[in-house]
Amino acid sequence: MEREYFIFYRSFYEAIKCMNEKVQLQIFTALADYALDATEPTNLCKEAQGMFLLMRPVIDANNSRFKNGKKGGRPRKNPLPVSTPPQYSCSFKEEAEKMKGDEIWLDAVCMQNHIDREEILRRIEAFPIHCAAECSDKPHKDYADAKKHFCSWMRKAYKNLDPQPEFQEDVPPPDYSFNGGFNSIDI
């Protein structure tokens with residue numbers, strides 16, 4: 001494999017600089033021949049051979065990266081087949097029936113809106129009619145979406161009918177004025 005350039009690290013330079021000039025020349029020549037032309041060095045002195053053996057794995061790794069880059073990089077992994085989620089296909093009436101049987105959710109909605117069970121069931125009965133009239137072209141994406149839509153619709157449709165918390169006017173507001181002490185001790 002013939003290359004036009006190779007990466008030469010500072011650590012190579014600093015290690016080679018510690019050798020005498022004859023050994024330096026052998027190492028520089030051996031590195032350049034190996035990195036650019038993939039030519040194995042021959043007739044190196046022991047010091048040059050030792051330095052080359054230390055630097056060779058780095059040159060090999062860089063050449064491998066270069067070769068893979070020319071081919072377009074690391075081969076792609078086979079992607080896992082994408083499974084499409086099952087389509088949600090409940091009708092508005094089926095969703096309403098499901099809501100009527102969802103006891104925990106019903107209790108939470110009743111408590112949040114301060115209404116009793118019979119009233120929430122009447123509103124659930126009216127919900128499919130609203131959906132058919134207003135949202136027939138846009139079905140819910142799942143059951144959770146249907147429940148969110150119901151709660152949102154109910155807040156808007158029944159906002160004037162729901163009992164508001166009553167405030168007692170005869171209870172005076174708390175008195176936060178200074179009474180002259182702290183823990184029954186005057187300061």
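In the block above lies the structure referred to throughout.
The notes below deal with the structure included here. Here the structure is a predicted model, which means the values were calculated and not measured. Position numbers for residues start from 1 in each chain and track the written sequence from start to end. Residues qualify for local features only when their pLDDT is at least 70, as the model is predicted, and side-chain atom pairs are given and counted only at 80 or more; totals for whole chains, interfaces and linings, by contrast, use all residues. Here the side-chain values reflect all heavy atoms present in the structure, with hydrogen atoms and water set aside.

1. Structural notes on the environment of Ser11
Formally: Helix numbering and strand numbering both begin at the N terminus, where a helix is a DSSP run of H or I of at least 4 residues and a strand a DSSP run of E of at least 2.
Its place among the elements puts Ser11 in helix H1 (residues 10–17). A C-alpha to C-alpha distance of 9.6 Å links Ser11 and Met55, two positions 44 residues apart in sequence.

2. Description of a negative patch on the surface
Rules: Residues qualify for a patch when their relative accessible area is over 30% and they have no salt bridge, like charges being joined within 9 Å and the nonpolar side chains of Val, Leu, Ile, Met, Phe, Trp and Tyr within 5 Å. Method for areas: the Shrake-Rupley scheme with a 1.4 Å probe, in which residue coverage is limited to the protein chains shown. Here, a salt bridge means any side-chain nitrogen of Lys or Arg that lies within 4 Å of a carboxyl oxygen of Asp or Glu. Neither His nor the chain termini are counted; the positive set is Lys and Arg, and the negative set is Asp and Glu. Taken as the charge location is NZ of Lys, CZ of Arg, CG of Asp or CD of Glu. Each residue gets one of three labels from its accessible area relative to the maximum for its type: buried under 20%, exposed over 50%, partly exposed in between, using a 1.4 Å probe on protein chains only.
Taken together, the side chains of Glu2, Glu4, Asp33 and Asp37 present a region of like negative charge at the surface. Checked against the element boundaries, Asp37 lands in helix H2 (residues 21–37). Given a relative accessible area of 41%, Asp37 falls into the partly exposed group.

3. What to know about the packing of helix H5 (residues 103–113) against helix H6 (residues 117–134)
As a reminder, the rule being used: Lines fitted to C-alpha atoms define the axes here, with helix axes fitted over just the stretch in contact, and angles between the N-to-C directions of these axes take values from 0 to 180 degrees. The cut-offs work like this: below 35 degrees is roughly parallel, past 145 is roughly antiparallel, 65 to 115 is roughly perpendicular, and the gaps in between are oblique. The criterion used for residue contact is that any of the two residues' heavy atoms lie within 4.5 Å. Put simply, Ala, Val, Leu, Ile, Met, Phe, Trp, Tyr, Cys and Pro go in the nonpolar bin, Asp, Glu, Lys and Arg in the charged bin, and everything else, Gly too, in the polar bin.
Axis separation between H5 and H6 bottoms out at 10 Å; the angle between their running directions is 105°. One way to sum up the angle between H5 and H6 is to call them roughly perpendicular. Residue-level contacts link Glu103, Trp105, Leu106, Asp107, Val109 and Cys110 of H5 to Arg117, Ile120, Leu121 and Ile124 of H6. For the contact of H5 with H6, a count of residues per class yields 7 nonpolar, no polar and 3 charged.

4. Description of H6
Keep this limit in mind: What a helix is expected to span follows from its residue count: subtract one and scale by 1.5 Å. The bend at a residue is defined as the angle formed between two axes, one fitted to the seven residues ending at that residue and one fitted to the seven starting there.
A rise of 1.5 Å per residue sets the reference length of H6, with its 18 residues, at 26 Å; its end C-alpha atoms lie 25 Å apart and thus fit the reference within 8%. When the local axis directions of H6 are compared, the greatest deviation, roughly 25°, occurs at Ala126, which is followed within four positions by the proline Pro128. Looking at the buried positions of H6, the neighbouring elements they touch are helix H4 (92–101), H5 and helix H7 (143–157).

5. Considering the packing of aromatic side chains
For any pair of aromatic rings, geometry is given as the distance between the ring centres together with the angle between the planes. Test applied: Note on ring pairs: Phe, Tyr and Trp rings are taken, using the six-membered ring of Trp, and paired if centres are within 6.5 Å. Classes follow the plane angle, with under 30 degrees stacked, over 60 edge-to-face and the rest tilted.
On inspection of all chains with the given rule, the structure shows 10 aromatic pairs. An angle of 40° between the planes, with centres 5.9 Å apart, marks the rings of Phe8 and Phe28 as tilted. Taken together, the residues Phe8 in the segment before H1 and Phe28 in helix H2 connect sequence positions 20 residues apart. For Phe28, a relative accessible area of 33% puts it in the partly exposed group. Measuring from centroid to centroid gives 5.4 Å for Phe127 and Trp153, while their planes differ by 50°, and the two rings are tilted. Here Phe127 is found in helix H6, whereas its partner Trp153 is found in helix H7, with 26 residues between them in sequence. Given the relative accessible area of 0%, Phe127 is considered buried. Given the relative accessible area of 13%, Trp153 is considered buried.

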